[in-house]
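In case you want the letters, here they are:
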Amino acid sequence: MPRLIAGLSELAEGYDVVLSDVWGVVHNGAVAFDAATEALSRFRAKGGAVVLITNSPASSRIVAAQFAELGGRGEAYDAIVSSGDVTVSLLMERAGQSLFHIGAAEETGLFEEVAALRGEAPRQAPIESADFVLCTGFIDFWRETPQDYDARLKRIFERGLDFLCANPDLVVEVDGVLSYCAGAIADRYQRLGGKVIQAGKPFAPIYERALDLANAARGGKVRRSRVLAIGDAMRTDIRGAAEQGFDSLLVTSGIHRDELHRDELHRDEVHRRAEEVDELDVAALRQFVEAAGLRPTAAITRLIW
(Lines give C-alpha, C1' and ligand atoms only; values in the text may rest on other atoms or scores of the structure.)
Protein backbone atom coordinates (compact mmCIF):
# COMPACT_ATOMS: atom_id res chain seq x y z
CA MET A 1 0.00 0.00 0.00
CA PRO A 2 1.14 3.54 -0.65
CA ARG A 3 1.32 5.82 2.37
CA LEU A 4 -2.02 7.60 2.86
CA ILE A 5 -1.58 11.30 3.58
CA ALA A 6 -3.95 14.15 4.35
CA GLY A 7 -1.88 16.92 2.77
CA LEU A 8 1.27 17.66 0.75
CA SER A 9 2.80 19.26 3.85
CA GLU A 10 3.40 15.75 5.24
CA LEU A 11 5.87 15.06 2.41
CA ALA A 12 7.15 18.48 1.40
CA GLU A 13 10.37 18.50 3.43
CA GLY A 14 11.67 15.49 1.53
CA TYR A 15 11.62 17.12 -1.92
CA ASP A 16 13.08 20.06 -3.82
CA VAL A 17 10.92 19.71 -6.92
CA VAL A 18 7.32 18.80 -7.64
CA LEU A 19 6.29 17.72 -11.13
CA SER A 20 2.52 18.11 -11.03
CA ASP A 21 -0.01 16.83 -13.51
CA VAL A 22 -2.67 19.36 -14.53
CA TRP A 23 -6.01 17.78 -15.52
CA GLY A 24 -7.49 15.96 -12.54
CA VAL A 25 -4.99 17.48 -10.10
CA VAL A 26 -5.09 21.28 -10.39
CA HIS A 27 -8.29 21.60 -12.47
CA ASN A 28 -11.04 19.46 -14.00
CA GLY A 29 -11.36 21.20 -17.34
CA ALA A 30 -14.06 23.53 -16.03
CA VAL A 31 -12.66 25.11 -12.87
CA ALA A 32 -9.28 25.33 -11.13
CA PHE A 33 -8.97 23.70 -7.71
CA ASP A 34 -8.13 26.42 -5.19
CA ALA A 35 -6.77 23.95 -2.63
CA ALA A 36 -4.35 22.46 -5.16
CA THR A 37 -3.16 25.90 -6.24
CA GLU A 38 -2.61 26.79 -2.59
CA ALA A 39 -0.67 23.58 -1.94
CA LEU A 40 1.72 24.13 -4.83
CA SER A 41 2.11 27.81 -3.93
CA ARG A 42 3.06 26.92 -0.35
CA PHE A 43 5.57 24.33 -1.58
CA ARG A 44 7.21 27.05 -3.68
CA ALA A 45 7.12 29.49 -0.75
CA LYS A 46 9.22 27.01 1.24
CA GLY A 47 11.87 27.05 -1.49
CA GLY A 48 10.71 24.25 -3.76
CA ALA A 49 10.22 24.41 -7.51
CA VAL A 50 7.04 23.33 -9.28
CA VAL A 51 6.83 22.31 -12.92
CA LEU A 52 3.39 21.53 -14.30
CA ILE A 53 3.75 18.55 -16.65
CA THR A 54 0.79 17.74 -18.84
CA ASN A 55 -0.14 15.52 -21.75
CA SER A 56 -2.09 18.34 -23.32
CA PRO A 57 -1.39 18.54 -27.07
CA ALA A 58 -1.37 22.34 -26.75
CA SER A 59 1.84 24.31 -26.19
CA SER A 60 2.75 25.33 -22.64
CA ARG A 61 1.86 28.92 -23.55
CA ILE A 62 -1.72 27.85 -24.29
CA VAL A 63 -1.86 25.59 -21.21
CA ALA A 64 -0.89 28.56 -19.02
CA ALA A 65 -3.60 30.72 -20.57
CA GLN A 66 -6.23 27.99 -20.10
CA PHE A 67 -5.24 27.51 -16.46
CA ALA A 68 -5.59 31.23 -15.84
CA GLU A 69 -9.02 31.28 -17.54
CA LEU A 70 -10.18 28.53 -15.19
CA GLY A 71 -9.12 30.57 -12.16
CA GLY A 72 -5.62 29.17 -11.62
CA ARG A 73 -2.89 31.43 -10.27
CA GLY A 74 0.61 31.84 -11.64
CA GLU A 75 2.26 31.61 -8.23
CA ALA A 76 1.43 27.90 -8.19
CA TYR A 77 4.24 27.00 -10.61
CA ASP A 78 7.64 27.99 -11.96
CA ALA A 79 7.25 26.48 -15.44
CA ILE A 80 5.03 24.31 -17.61
CA VAL A 81 5.95 21.58 -20.07
CA SER A 82 3.36 19.95 -22.28
CA SER A 83 3.15 17.05 -24.66
CA GLY A 84 2.47 19.75 -27.22
CA ASP A 85 5.91 21.27 -26.59
CA VAL A 86 7.58 17.93 -27.27
CA THR A 87 5.42 17.46 -30.36
CA VAL A 88 6.58 20.80 -31.76
CA SER A 89 10.19 19.63 -31.38
CA LEU A 90 9.36 16.38 -33.19
CA LEU A 91 7.66 18.31 -35.99
CA MET A 92 10.70 20.55 -36.32
CA GLU A 93 12.86 17.44 -36.77
CA ARG A 94 10.60 16.40 -39.67
CA ALA A 95 10.70 19.79 -41.42
CA GLY A 96 10.01 19.39 -45.10
CA GLN A 97 7.90 16.26 -44.70
CA SER A 98 4.12 16.25 -45.13
CA LEU A 99 1.67 14.98 -42.52
CA PHE A 100 -1.84 13.62 -42.33
CA HIS A 101 -3.59 15.26 -39.39
CA ILE A 102 -6.08 13.43 -37.16
CA GLY A 103 -7.80 15.92 -34.91
CA ALA A 104 -10.23 18.81 -34.84
CA ALA A 105 -9.80 21.24 -37.70
CA GLU A 106 -9.58 24.13 -35.26
CA GLU A 107 -6.60 22.55 -33.46
CA THR A 108 -4.01 24.68 -35.23
CA GLY A 109 -1.89 25.70 -32.25
CA LEU A 110 0.96 23.29 -32.94
CA PHE A 111 1.10 24.32 -36.60
CA GLU A 112 1.25 27.97 -35.54
CA GLU A 113 4.07 27.24 -33.08
CA VAL A 114 6.12 25.53 -35.81
CA ALA A 115 5.39 28.40 -38.22
CA ALA A 116 6.64 30.90 -35.65
CA LEU A 117 9.88 28.93 -35.21
CA ARG A 118 10.74 28.11 -38.82
CA GLY A 119 8.71 30.54 -40.88
CA GLU A 120 6.17 28.08 -42.28
CA ALA A 121 3.67 25.60 -40.93
CA PRO A 122 3.97 21.85 -41.58
CA ARG A 123 2.53 20.80 -44.92
CA GLN A 124 -0.61 18.66 -44.69
CA ALA A 125 -1.49 15.90 -47.15
CA PRO A 126 -3.98 13.03 -47.54
CA ILE A 127 -3.10 9.55 -46.29
CA GLU A 128 -2.07 8.42 -49.75
CA SER A 129 0.77 10.96 -50.05
CA ALA A 130 1.64 11.91 -46.45
CA ASP A 131 5.06 11.08 -44.96
CA PHE A 132 3.73 10.54 -41.43
CA VAL A 133 0.63 11.00 -39.25
CA LEU A 134 0.07 13.55 -36.50
CA CYS A 135 -2.77 12.79 -34.08
CA THR A 136 -3.77 15.61 -31.73
CA GLY A 137 -7.11 14.07 -30.73
CA PHE A 138 -10.55 13.26 -32.03
CA ILE A 139 -12.14 15.18 -34.88
CA ASP A 140 -15.39 15.22 -32.90
CA PHE A 141 -14.28 15.15 -29.26
CA TRP A 142 -17.76 14.59 -27.83
CA ARG A 143 -19.24 11.98 -30.16
CA GLU A 144 -16.59 9.76 -31.70
CA THR A 145 -15.06 6.55 -30.32
CA PRO A 146 -11.67 4.99 -31.14
CA GLN A 147 -13.38 2.35 -33.30
CA ASP A 148 -14.55 5.09 -35.65
CA TYR A 149 -10.95 5.43 -36.84
CA ASP A 150 -10.28 1.77 -37.68
CA ALA A 151 -10.74 2.15 -41.46
CA ARG A 152 -8.36 5.11 -41.60
CA LEU A 153 -5.83 3.38 -39.36
CA LYS A 154 -5.84 0.35 -41.65
CA ARG A 155 -5.01 2.57 -44.63
CA ILE A 156 -2.28 4.30 -42.65
CA PHE A 157 -0.83 0.96 -41.57
CA GLU A 158 -0.82 -0.34 -45.14
CA ARG A 159 1.40 2.60 -46.04
CA GLY A 160 3.68 1.95 -43.05
CA LEU A 161 3.49 5.52 -41.76
CA ASP A 162 4.87 6.61 -38.40
CA PHE A 163 2.09 7.75 -36.04
CA LEU A 164 3.06 10.78 -33.95
CA CYS A 165 0.73 11.02 -30.92
CA ALA A 166 0.54 14.46 -29.35
CA ASN A 167 -1.36 13.24 -26.26
CA PRO A 168 -0.70 9.71 -24.89
CA ASP A 169 -3.69 9.87 -22.52
CA LEU A 170 -6.48 7.40 -23.26
CA VAL A 171 -9.20 9.49 -21.61
CA VAL A 172 -9.57 12.83 -19.87
CA GLU A 173 -12.20 14.06 -17.44
CA VAL A 174 -13.83 17.28 -18.61
CA ASP A 175 -16.18 18.74 -16.03
CA GLY A 176 -17.02 15.27 -14.70
CA VAL A 177 -17.36 13.53 -18.07
CA LEU A 178 -14.74 11.07 -19.36
CA SER A 179 -13.84 11.63 -23.01
CA TYR A 180 -11.33 9.91 -25.27
CA CYS A 181 -7.91 11.37 -26.11
CA ALA A 182 -5.40 10.86 -28.92
CA GLY A 183 -3.75 8.01 -27.01
CA ALA A 184 -6.84 5.85 -27.53
CA ILE A 185 -6.43 6.13 -31.31
CA ALA A 186 -2.68 5.56 -31.08
CA ASP A 187 -3.31 2.44 -29.01
CA ARG A 188 -5.42 0.94 -31.80
CA TYR A 189 -2.74 1.75 -34.39
CA GLN A 190 -0.12 0.09 -32.22
CA ARG A 191 -2.30 -3.01 -31.94
CA LEU A 192 -2.30 -3.21 -35.74
CA GLY A 193 1.48 -3.32 -35.58
CA GLY A 194 2.07 0.31 -36.53
CA LYS A 195 4.90 2.46 -35.17
CA VAL A 196 3.72 5.03 -32.63
CA ILE A 197 5.89 7.89 -31.38
CA GLN A 198 4.56 9.29 -28.10
CA ALA A 199 5.30 12.86 -27.04
CA GLY A 200 4.16 12.90 -23.40
CA LYS A 201 4.01 10.91 -20.18
CA PRO A 202 5.05 8.22 -19.33
CA PHE A 203 7.81 8.54 -21.94
CA ALA A 204 11.24 10.02 -21.27
CA PRO A 205 11.41 13.14 -23.51
CA ILE A 206 8.82 15.16 -21.58
CA TYR A 207 10.53 14.36 -18.27
CA GLU A 208 13.92 15.42 -19.62
CA ARG A 209 12.45 18.79 -20.54
CA ALA A 210 10.70 19.07 -17.17
CA LEU A 211 13.96 18.42 -15.31
CA ASP A 212 15.74 21.06 -17.38
CA LEU A 213 13.08 23.57 -16.36
CA ALA A 214 13.28 22.47 -12.71
CA ASN A 215 17.08 22.81 -12.72
CA ALA A 216 16.75 26.33 -14.13
CA ALA A 217 14.20 27.27 -11.46
CA ARG A 218 16.42 25.87 -8.69
CA GLY A 219 19.64 27.29 -10.09
CA GLY A 220 21.37 23.91 -10.13
CA LYS A 221 20.95 20.24 -10.89
CA VAL A 222 18.29 18.47 -8.85
CA ARG A 223 18.76 14.90 -7.64
CA ARG A 224 16.04 12.53 -8.84
CA SER A 225 15.55 11.30 -5.29
CA ARG A 226 14.42 14.83 -4.42
CA VAL A 227 11.70 14.94 -7.11
CA LEU A 228 8.05 14.14 -6.37
CA ALA A 229 5.70 13.50 -9.28
CA ILE A 230 2.02 14.15 -8.58
CA GLY A 231 -0.73 12.77 -10.79
CA ASP A 232 -4.08 11.03 -10.98
CA ALA A 233 -3.35 8.42 -13.67
CA MET A 234 -1.51 5.18 -12.97
CA ARG A 235 -0.78 4.49 -16.66
CA THR A 236 0.96 7.82 -17.30
CA ASP A 237 1.77 9.74 -14.11
CA ILE A 238 2.71 6.92 -11.74
CA ARG A 239 4.32 4.67 -14.35
CA GLY A 240 6.31 7.60 -15.73
CA ALA A 241 7.55 8.52 -12.28
CA ALA A 242 8.61 4.94 -11.55
CA GLU A 243 10.51 4.65 -14.83
CA GLN A 244 12.29 7.95 -14.18
CA GLY A 245 13.25 7.07 -10.61
CA PHE A 246 10.98 9.66 -8.96
CA ASP A 247 8.76 9.23 -5.93
CA SER A 248 5.08 9.69 -6.72
CA LEU A 249 1.85 10.90 -5.14
CA LEU A 250 -1.42 9.51 -6.53
CA VAL A 251 -4.46 11.80 -6.39
CA THR A 252 -7.27 9.27 -6.05
CA SER A 253 -10.24 11.52 -6.87
CA GLY A 254 -9.17 12.16 -10.46
CA ILE A 255 -9.45 9.79 -13.39
CA HIS A 256 -9.72 6.71 -11.11
CA ARG A 257 -12.47 8.16 -8.91
CA ASP A 258 -14.99 5.49 -9.91
CA GLU A 259 -12.68 2.68 -8.84
CA LEU A 260 -11.31 4.18 -5.63
CA HIS A 261 -14.12 6.09 -3.93
CA ARG A 262 -17.15 4.51 -2.31
CA ASP A 263 -19.90 6.89 -3.35
CA GLU A 264 -18.88 8.73 -6.46
CA LEU A 265 -20.24 12.22 -6.90
CA HIS A 266 -22.84 12.36 -9.62
CA ARG A 267 -21.12 13.62 -12.75
CA ASP A 268 -23.52 16.55 -13.07
CA GLU A 269 -22.46 17.70 -9.60
CA VAL A 270 -18.73 17.76 -10.22
CA HIS A 271 -18.62 21.30 -11.54
CA ARG A 272 -20.68 22.62 -8.64
CA ARG A 273 -18.78 20.61 -6.03
CA ALA A 274 -15.42 20.48 -7.78
CA GLU A 275 -13.34 20.03 -4.65
CA GLU A 276 -15.62 17.74 -2.66
CA VAL A 277 -14.49 14.13 -2.53
CA ASP A 278 -16.31 11.07 -1.26
CA GLU A 279 -14.60 8.64 1.10
CA LEU A 280 -11.63 6.69 -0.21
CA ASP A 281 -12.15 2.93 -0.33
CA VAL A 282 -8.86 1.69 1.12
CA ALA A 283 -9.49 -1.93 0.18
CA ALA A 284 -10.22 -0.87 -3.40
CA LEU A 285 -6.98 1.13 -3.47
CA ARG A 286 -5.01 -1.89 -2.29
CA GLN A 287 -6.51 -4.08 -5.03
CA PHE A 288 -6.05 -1.34 -7.62
CA VAL A 289 -2.36 -0.92 -6.82
CA GLU A 290 -1.76 -4.67 -6.87
CA ALA A 291 -3.53 -5.06 -10.22
CA ALA A 292 -1.56 -2.21 -11.76
CA GLY A 293 1.77 -3.62 -10.63
CA LEU A 294 2.80 -0.10 -9.58
CA ARG A 295 3.02 1.33 -6.09
CA PRO A 296 2.87 5.10 -5.66
CA THR A 297 4.97 6.40 -2.80
CA ALA A 298 1.87 7.98 -1.30
CA ALA A 299 -1.80 8.63 -2.04
CA ILE A 300 -4.07 11.57 -1.30
CA THR A 301 -7.77 12.04 -2.06
CA ARG A 302 -7.21 15.53 -3.50
CA LEU A 303 -4.20 17.81 -3.60
CA ILE A 304 -4.21 20.09 -0.54
CA TRP A 305 -1.48 21.44 1.70
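Residues numbered from 1 in each chain as written. Predicted model: local features only at pLDDT ≥ 70, side-chain atom pairs only at ≥ 80, totals over all residues. Heavy atoms only, no water.

Caption draft 1: Quick peek at the overall build of the chain. Per the secondary structure count, the chain includes ten helices and 14 strands. Relative to its length of 305 residues, the chain is compact, with a C-alpha radius of gyration of 19 Å against a globular reference of 19 Å. Dimensions of the chain along its principal axes, counting C-alpha atoms only, are 55 × 45 × 35 Å. With 305 residues in all, the chain has 54% of them scored as buried. Excluding contacts between residues fewer than 6 apart, the proportion of contacts in the chain whose partners are at least 24 apart in sequence is 74%. With an accessible surface of roughly 13300 Å², the chain has 47% of that area assigned to carbon and sulfur atoms. Once the 34 positive and 46 negative side-chain charges of the chain are each reduced to a mean point, those two points are 5 Å apart. (Helix = DSSP H or I, 4+ residues; strand = E, 2+ residues; numbered from the N terminus. Rg over C-alpha atoms; globule rule 2.2 N^0.38 Å. Buried < 20%, exposed > 50% of the residue type's maximum accessible area, 1.4 Å probe, protein only. Contact = heavy atoms within 4.5 Å. Areas by Shrake-Rupley, 256 points an atom, 1.4 Å probe, with all protein chains shown as cover. Lys, Arg positive; Asp, Glu negative; His and termini not counted. Charge placed at Lys NZ, Arg CZ, Asp CG, Glu CD.)

Caption draft 2: Summary view of the sheet that holds strand S12 (residues 227-231). As summarised here, the arrangement of the seven strands in space is S1-S14-S13-S12-S2-S3-S4, forming an open sheet in which the pairing is parallel. Pairing within the sheet leaves two strands with one partner each, and these edge strands are strand S1 (3-4) and strand S4 (79-82). Where strand S3 (residues 49-54) lies against S4, four bridges are found, and the strand directions are parallel. Residue pairing in the sheet places Ile53 in a bridge with Val81 of S4. Along the sheet face, helix H3 (residues 83-93) touches S3 and S4 and points at about 60° away from the line of S4. Helix H7 (residues 204-218) contacts strand S2 (17-20), S3, S4 and S12 of the sheet and is inclined by roughly 160° relative to S3. (Pairing = 2+ DSSP bridges. Axes fitted to C-alpha atoms, helices over the stretch in contact; angles between N-to-C directions.)

Caption draft 3: Just the sheet that holds strand S6 (residues 123-124), in detail. The five strands lie next to each other as S6-S5-S7-S8-S11, forming an open sheet whose pairing is parallel. A strand with exactly one partner marks an edge of an open sheet, and here the two such strands are S6 and strand S11 (196-198). Judged from the three bridges that link them, strand S8 (residues 162-165) and S11 form a sheet pairing that is parallel. Residue pairing in the sheet places Phe163 in a bridge with Val196 of S11. Strands in contact with helix H6 (residues 182-192) are strand S5 (98-102), strand S7 (132-135), S8 and S11; relative to S8, the strand with the most contacts, it is inclined by about 160°.

Caption draft 4: Fine view of the environment of Ser59. Looking at where Ser59 falls in the secondary structure, it is placed in the loop between S3 and helix H2 (60-69). Given the relative accessible area of 5%, Ser59 is considered buried. In the structure, Ser59 is positioned 29 residues away from Val88 in sequence and 8.1 Å away in space, judged by C-alpha atoms. For Ser59, the contacting residues outside a window of four places in its chain are Ser82, Asp85, Leu110 and Glu113. At 3.2 Å, the side chain of Ser59 and the side chain of Glu113 are in polar contact. (Polar contact = N/O pair within 3.5 Å; in protein donor to acceptor, adjacent residues only side chain to side chain.)

Caption draft 5: Layout of the environment of Arg3. Locating Arg3 in the fold gives a position in strand S1. Take Arg3: its relative accessible area is 43%, and that puts it in the partly exposed class. Along the primary structure Arg3 and Ile62 are separated by 59 residues, whereas in three dimensions their C-alpha atoms are 35 Å apart. Residues within four places of Arg3 in sequence aside, it is in contact with Glu10, Leu11, Thr297, Ala298 and Ala299.

Caption draft 6: Layout of the domain arrangement of the chain. In terms of domains, the chain is made up of domain 1 (3-83 + 206-300) and domain 2 (85-198). Computed from C-alpha atoms alone, the centre-to-centre distance between domain 1 and domain 2 is 25 Å. Domain 1 puts 24 residues into the contact, and the matching count from domain 2 is 19 residues. Counting each side, the surface lost to burial between domain 1 and domain 2 is near 1900 Å², with a carbon and sulfur contribution of 45%. (Domains from an automatic or database assignment. Buried area = accessible area lost by both parts, 1.4 Å probe.)

Caption draft 7: Here's a closer look at helix H1 (residues 34-45). Helix length check: H1 (twelve residues) gives 16 Å between terminal C-alpha atoms against 16 Å at 1.5 Å per residue, within 8%. All of the buried residues along H1 are Ala35, Ala36, Thr37, Ala39, Leu40, Ser41 and Phe43. Those residues of H1 that are buried are in contact with S2, S3 and H2. Following H1 by one or two positions, Gly47 has its phi on the positive side, about 105°. (Expected span 1.5 Å × (residues − 1).)

Caption draft 8: View of the nonpolar core. Counting residues in each nonpolar core, the largest one holds 31 residues, and the members touching the most others are Leu8, Leu40, Phe43, Leu228, Ile230, Leu249 and Leu303. Residue assignment for this core shows that the elements contributing at least two residues are H1, S3, H2, S12, strand S13 (247-251) and strand S14 (298-300). No other element matches the four residues that H1 contributes to this core. Counting 30 residues, the second largest nonpolar core, distinct from the first, contains Leu19, Ala49, Ala79 and Phe132. (Core = buried A, V, L, I, M, F, W, Y, C linked by side-chain atoms within 4.5 Å.)

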